[in-house]
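# Understanding the architecture of this molecule
Now for the letters of each chain:
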Amino acid sequence: MSAVRSGSGVGVRGTAPMEEDDMSLRWGILGTGGIARKMVAAARARGGEVAAVGSGDPARAAAFAEEHGIARHHGRHHDLLARPEDVDVVYVATTNDRHHADALACIEAGVPVLVEKPFTLDLEQAEEVAAAARTAGVFCMEAMWMRFQPAFLEVERRIAAGHIGEPLLVQADFGIAATPDTDRRWFARELGGGALLDVGVYPLTFATGLLGTPERAFALGELADSGVDATVAVAMRHGGGRLSSWSCSFVADTGVEATVSGAEGSLRVHGPFHHAGRLTLRQGSTVVEEHDLQGTEAGFEYEVDEVVRCLEDGRTESPRMPLALSLTTLRWLDELRRQVGVTYPHED
Ligand SMILES: NC(=O)c1ccc[n+]([C@@H]2O[C@H](COP(=O)([O-])OP(=O)(O)OC[C@H]3O[C@@H](n4cnc5c(N)ncnc54)[C@H](OP(=O)(O)O)[C@@H]3O)[C@@H](O)[C@H]2O)c1
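Residues numbered from 1 in each chain as written. Predicted model: local features only at pLDDT ≥ 70, side-chain atom pairs only at ≥ 80, totals over all residues. Heavy atoms only, no water.

On a plain count of helices and strands, the protein comes out with 10 helices and 14 strands. When its C-alpha atoms are laid out on the principal axes, the protein stretches across 60 × 45 × 35 Å. Residue burial in the protein is summarised as follows: out of 348 residues, 55% are buried. Within the structure as shown, the protein displays about 13,700 Å² of accessible surface, and the carbon and sulfur contribution to it stands at 50%. Both charge centroids of the protein, one from 32 positive and one from 51 negative side chains, sit 2 Å from each other. (Helix = DSSP H or I, 4+ residues; strand = E, 2+ residues; numbered from the N terminus. Buried < 20%, exposed > 50% of the residue type's maximum accessible area, 1.4 Å probe, protein only. Areas by Shrake-Rupley, 256 points an atom, 1.4 Å probe, with all protein chains shown as cover. Lys, Arg positive; Asp, Glu negative; His and termini not counted. Charge placed at Lys NZ, Arg CZ, Asp CG, Glu CD.)

This is the structure in structure tokens:
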């Protein structure tokens with residue numbers, strides 16, 4: 001039996017490497033929405049077991065467990081953590097407003113946790129979660145699956161190989177025409193809705209990853225009747241002559257594309273850029289190469305692989321998606337929200 005399986009305490013769960021024969025993680029899932037479904041499939045595709053699901057509603061928990069063949073279900077989210085030794089990791093797939101409390105509950109129970117984006121609603125909450133995880137020595141990672149995608153890794157590889165010269169400019173858009181119903185999370189202020197936190201997090205993380213930490217930002221936004229941001233256009237300076245220009249929207253249906261450019265050319269990451277299947281390398285307007293990654297683009301499995309690797313190695317943070325990167329993202333999301341005038345109920 002491995003240290004993780006033995007459930008012998010917070011420090012052990014956080015720091016001891018798993019043994020080779022224990023690679024099959026037992027996942028607990030908090031949330032019963034669309035993304036929770038996808039993670040059930042991804043965890044199983046990588047040999048994991050989905051051991052339990054937690055919901056805020058007993059009937060929803062039971063229905064989800066029945067549909068997906070999950071042995072344990074709980075009608076109150078944190079009841080899933082009552083026997084922490086029965087899960088190896090929890091995936092937080094609840095609405096944005098819950099991520100902070102759900103992540104803290106996992107950490108307090110000594111259970112490694114993968115937290116959906118946005119990591120939390122603001123920097124203060126994110127710092128609290130990061131500090132708790134670091135103090136307890138419990139693994140914690142934002143589920144920013146884009147950073148593990150083959151296309152994103154290929155962009156980094158080509159930049160490092162000098163295919164476009166030094167990256168100087170990122171342009172990106174992430175717009176979907178979301179359901180206007182305020183009972184659903186997209187426009188609901190009390191659920192942490194709004195385009196910036198939900199989809200703007202992708203171009204922001206994309207630009208930060210390729211150009212470095214932002215230094216300055218300007219944003220213009222159009223707000224929905226509910227008070228959350230419907231569309232935001234952003235310009236950022238990343239230092240060293242590097243700029244990004246990106247937008248996000250819950251009312252405009254964009255191509256969800258990204259381009260990174262340098263003096264020698266540009267790399268276009270075809271939509272959806274956060275899990276792309278194709279890259280185009282251009283010099284001027286001439287296409288130099290099309291790189292097809294079709295078949296790899298669906299992948300929540302790549303972030304599952306990272307969780308498995310980190311827990312096997314006894315890591316408490318992912319080197320590829322460290323907590324510091326989530327904190328940077330939240331810091332700038334706070335600033336962009338301030339500029340466009342969006343607040344959440346806990347800030348009133
Ligand atoms: N990584 C990605 O690509 C990706 C994609 C989409 C979303 N996300 C993130 O994942 C989180 C969840 O998003 P989601 O798309 O899964 O949201 P969703 O489908 O709206 O589900 C969110 C929550 O709504 C409740 N719910 C689900 N079906 C319901 C129904 N028929 N009636 C009433 N309530 C219902 C569930 O609450 P209970 O927990 O109480 O059962 C569920 O956890 C968000 O933080 C989002 O930002 C990530």
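Before going further, it helps to spend a moment on unusual backbone geometry. With an omega dihedral of -10 degrees, the bond running from Lys-117 to Pro-118 counts as a cis peptide bond. Topologically, Pro-118 is positioned in the loop between strand E5 (113-115) and helix H6 (123-136). In this structure, Val-256 is a non-glycine residue whose phi angle is positive, near 55 degrees. Turning to its location among the elements, Val-256 is positioned in the loop between strand E10 (242-249) and strand E11 (258-262).

Relative to the helices and strands, Thr-205 resides in helix H8 (residues 195-211). The exposure class assigned to Thr-205 is buried, which follows from its relative accessible area of 1%. For Thr-205 and His-274, which are 69 residues apart along the polypeptide, the C-alpha to C-alpha distance reads 9.9 Å. Residue contacts for Thr-205: discarding those within four places in its chain leaves Met-144, Met-146, Arg-147 and Thr-329. Engagement of the side chain of Thr-205 in a polar contact is seen with the backbone oxygen of Val-201, the distance being 2.6 Å. (Contact = heavy atoms within 4.5 Å. Polar contact = N/O pair within 3.5 Å; in protein donor to acceptor, adjacent residues only side chain to side chain.)

Next up on the list: the sheet that holds strand E12 (residues 265-269). Strand order in the open sheet formed by eight strands is E8-E9-E10-E7-E11-E12-E13-E14, and the pairing between neighbours is mixed. Since the sheet does not close on itself, it has two edges, and those belong to strand E8 (216-223) and strand E14 (286-292), each with one partner. Strand-to-strand twist of the sheet, defined as the mean angle between neighbouring strand axes without regard to direction, takes the value 10 degrees. In the packing of helix H10 (residues 323-340) onto the sheet, contacts are made with E8, strand E9 (229-239) and E10, and the angle to E8 comes to roughly 50 degrees. (Pairing = 2+ DSSP bridges. Axes fitted to C-alpha atoms, helices over the stretch in contact; angles between N-to-C directions.)

On to helix H5 (residues 99-108). Of all 10 residues that make up H5, eight are buried, and the element is covered over most of its length. The complete set of buried residues in H5 reads His-99, His-100, Asp-102, Ala-103, Leu-104, Ala-105, Cys-106 and Ile-107. Buried residues along H5 sit against strand E1 (26-30), strand E4 (89-92), E5, H6 and strand E6 (140-142). Looking at the residues trailing H5, positive phi occurs at Gly-110, about 80 degrees.

Turning our attention to the site of the ligand. Taken together, the neighbourhood of the ligand is formed by 22 residues, with Thr-32, Ser-55, Gly-56, His-77 and Asn-96 sitting nearest. Between the ligand and Gly-56 there is a distance of 2.7 Å, counted from an oxygen atom to a backbone nitrogen or oxygen. Here an oxygen atom of the ligand and a side-chain polar atom of His-77 are 2.7 Å apart. If the ligand stood free it would expose 900 Å²; the protein chains cover 76% of that surface. Mapped by element, the contributors of at least two residues to the shell around the ligand are helix H3 (34-45) and H8. Its residues placed into classes, the shell around the ligand shows five nonpolar, 11 polar and six charged. (Near = heavy atom within 4 Å. Nonpolar A, V, L, I, M, F, W, Y, C, P; charged D, E, K, R; others polar.)

A few words now on the pairing of strand E13 (residues 278-283). With four bridges joining them, E12 and E13 adopt antiparallel strand pairing. Across the sheet, the residue bridging to Ser-266 is Arg-282, located in E13. Taken together, the six bridges between E13 and E14 define a ladder with antiparallel strand orientation. Looking at the pairing, Arg-278 lines up with Asp-292 of E14. In sequence, E13 turns back onto E14 through a hairpin of two residues, with Gly-284 there showing a positive phi of about 60 degrees.

Taken N-terminus to C-terminus, the directions of H3 and helix H4 (residues 58-68) make an angle of 35 degrees; their axes are 12 Å apart at the nearest point. The two elements H3 and H4 meet at a crossing, and its hand is right-handed. Touching Ala-36, Arg-37, Val-40 and Arg-44 of H3 are Phe-64, Glu-67 and His-68, all from H4. Here the residues of the contact of H3 with H4 are counted per class, giving three nonpolar, one polar and three charged. (Left-handed = near helix turned anticlockwise from the far one by under 90°.)

What follows deals with the UniProt feature "domain: GFO/IDH/MocA-like oxidoreductase" (unreviewed entry) in the protein. Here the UniProt-annotated "domain: GFO/IDH/MocA-like oxidoreductase" (unreviewed entry) positions come out as residues 152-268. What you have in residues 152-268 is 22% helix and 37% strand, and the ends, taken at the C-alpha atoms, are 11 Å apart. (UniProt positions renumbered as here; feature names shortened; annotations may be inferred.)

Moving on, we get to the confidence of the model for the protein. Taken as a whole, the protein shows an average pLDDT of 92; of its residues, 93% reach a score of 70 or greater. Contacts for the low-pLDDT stretch residues 1-18, under 50 throughout, to residues beyond four places or in other chains number 51 contacts. (pLDDT = per-residue confidence, 0-100.)

Moving on, we come to the pattern of salt bridges. For the structure shown, the criterion picks out 22 salt bridges. With a shortest N-O distance of 3.2 Å, Asp-198 and Lys-117 are connected by a salt bridge. A residue pair is termed long-range when its members are at least 10 positions apart, and Asp-198 in helix H8 and Lys-117 in the loop between E5 and H6 qualify at 81 residues. The burial state of Asp-198 is the same as that of Lys-117; both residues are buried. The salt bridge involving Glu-290 is made with Arg-278; its shortest N-O contact spans 4.0 Å. With Glu-290 in strand E14 and Arg-278 in strand E13, this pair connects stretches of sequence that are 12 residues apart. Each of Glu-154, Arg-157, Arg-158 and Glu-289 takes part in a single network of salt bridges with overlapping partners. (Salt bridge = Lys/Arg side-chain N within 4 Å of Asp/Glu carboxyl O.)

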